[in-house]
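The chain contents come next:
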Amino acid sequence: MKTYSVALIPGDGIGRDVTLAAWAVLEAAAKNYGFALRATEFPWSCAYYKETGAMMPVDGIETLRGYDAILLGAVGWPVEVPDAVSLHGLLLPIRKAFVQYANVRPHRLLPGVQGPLKFGNFDILCIRENTEGEYSGAGGRVHQGTSDEVAVETSIFTRRGVERILRFGFDQARQRSGKLASVTKSNAQKYSMVFWDQITNMLALEYPDVEVSSYHIDAMAARMVMAPESLDVVVASNLFGDILTDLGAAIQGGLGFAASANINPGRTAPSMFEPVHGSAPDIAHLGIANPIAAIWSGAMMLEHLGEPDAARRVMTAVEMVTSDGIGTVPGEHKTDAITVAVLSRLG
Ligand code: IPM
Ligand code: MN
């Protein structure tokens, strides 16, 4: 039987609950479709940091490299470990080391979910650059603690990096409605963002069948609220994409529905699948985290592994459950109850 080996990193807070929920659903789907999933769990988290002084072992990246995919819950427990330490010790290095340059985040309303907008007929696929840009980590501080202190953090945009993420977006647009929106702030940032716009225009010539529009990030934020149905594939830099996808999560009813895939399109290393929400310390241990974002991320993992039928089946089961009003209102149903409902719809 075809077997995929998956590294499970539940991480912190609600990460554990939602990862185990997603795993149960994925295993059931695998059984229905005649393939197997083998999990190896890694305890890497802020608790692990407290014990060992590191978020993962020094050979953590090399250990993960051998897996077909990574399913991650959430990283961060700021009362014990500063976020800048925990995220730079686990999540961000994985995205970079495994060249997961395309962070793919779908934003649409599941049936039965009431979003904050008047109209719900939007289906946006945000493609966020995931390895460079504003998250390059290039910078430093001098004269620390004095009134002369200086902090510098440089965004890095490379031709290779910008071209490959835009190309990924164009390919996605071609498979969807043929519309692509490229997001910059090239009226104010005259080097990196003008560069991004130029590469967008250059690629547009190669994709005459794709209708391209360029927006500034501020105008895009407004458009996602006022006219989200006018958008399809939206491509943005690391930080702009980060911000837009929390907005996307909000219009789709909340972070409990926001799935994401950190994709290495060249398949030279494993891709990683994770809900957009973090560890949610305020509701950790209450058993009320919505597992739908993690289950949806898991479906994206099945799709990437080459099991699109199983992936679609998982999403159909989720949609039947939300249509029944289960898991649609924050806190109304327990994590377990939502998971059991999805499992029973899977059959
Ligand atoms: C996300 C998160 C992370 C990011 C944080 C936790 C570093 O907000 O995946 O959107 O900014 O990439
Ligand atoms: Mn974010």
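Below: a short report on this structure.

Procedures and definitions
Residues numbered from 1 in each chain as written. Chains lettered and ligands numbered in written order. Predicted model: local features only at pLDDT ≥ 70, side-chain atom pairs only at ≥ 80, totals over all residues. Heavy atoms only, no water. Buried < 20%, exposed > 50% of the residue type's maximum accessible area, 1.4 Å probe, protein only. Helix = DSSP H or I, 4+ residues; strand = E, 2+ residues; numbered from the N terminus. Pairing = 2+ DSSP bridges. Axes fitted to C-alpha atoms, helices over the stretch in contact; angles between N-to-C directions. Parallel < 35°, antiparallel > 145°, perpendicular 65-115°, else oblique. Left-handed = near helix turned anticlockwise from the far one by under 90°. Contact = heavy atoms within 4.5 Å. Nonpolar A, V, L, I, M, F, W, Y, C, P; charged D, E, K, R; others polar. Near = heavy atom within 4 Å. Polar contact = N/O pair within 3.5 Å; in protein donor to acceptor, adjacent residues only side chain to side chain. Areas by Shrake-Rupley, 256 points an atom, 1.4 Å probe, with all protein chains shown as cover.

**Focus: the pairing of strand 11 (residues 259-263)**
Inference 1: For strand 11, the tally of buried residues reaches 5 of 5 residues, placing the bulk of the element in the interior.
Inference 2: Burial along strand 11 is two-sided: A259, A261 and I263 and S260 and N262, pointing in opposite directions, are all buried.
Inference 3: Bridge analysis of strand 4 (residues 102-108) against strand 11 gives 3 bridges, and the strand direction is antiparallel. Its bridge partner being in strand 11, N103 is matched across the sheet by N262.

**A short note on the packing of helix 1 (residues 15-33) against helix 10 (residues 292-305)**
Inference 1: Where helix 1 contacts helix 10, the two axes come as close as 8 Å, and the packing angle between them is 45°. By the criterion of interaxial angle, the relationship of helix 1 to helix 10 is oblique. Between helix 1 and helix 10 the crossing geometry is right-handed. Residues V18, A22, W23, V25, L26 and A29 of helix 1 form the contact with helix 10, whose own contacting residues are A294, I295, G298, A299, M301 and L302.
Inference 2: Split into classes, the residues belonging to the contact of helix 1 with helix 10 amount to 11 nonpolar, 1 polar and no charged.

**Some words on the packing of helix 1 against helix 12 (residues 335-346)**
Inference 1: Their axes nearest at 10 Å, the elements helix 1 and helix 12 cross at an angle of 10°. It follows from the interaxial angle that helix 1 and helix 12 lie roughly parallel. Between helix 1 and helix 12, the residues in contact are D17, A21, A24, V25, A28, A29 and N32 and T335, T339, V342, L343 and L346, respectively.
Inference 2: A breakdown of the residues in the contact of helix 1 with helix 12 according to their chemical character gives 8 nonpolar, 3 polar and 1 charged.

**Quick look at the site of ligand 1**
Inference 1: Around ligand 1 sit L87, R95, R105, R128, Y135 and D242, and those are all the residues in its vicinity.
Inference 2: Between an oxygen atom of ligand 1 and a side-chain N or O atom of R105, the distance comes to 2.8 Å.
Inference 3: Y135 has a polar side-chain atom sitting 2.5 Å from an oxygen atom of ligand 1.
Inference 4: For ligand 1, the accessible surface in isolation is 320 Å², of which the surrounding protein chains cover 75%.
Inference 5: Taken together, the residues of the shell around ligand 1 sort by class into 2 nonpolar, no polar and 4 charged.

**Some remarks on unusual backbone geometry**
Inference 1: Backbone geometry places H143, a non-glycine residue, at a positive phi of 55°.
Inference 2: With respect to the helices, strands and loops of the structure, H143 is situated in the loop between strand 6 (133-142) and strand 7 (150-156).

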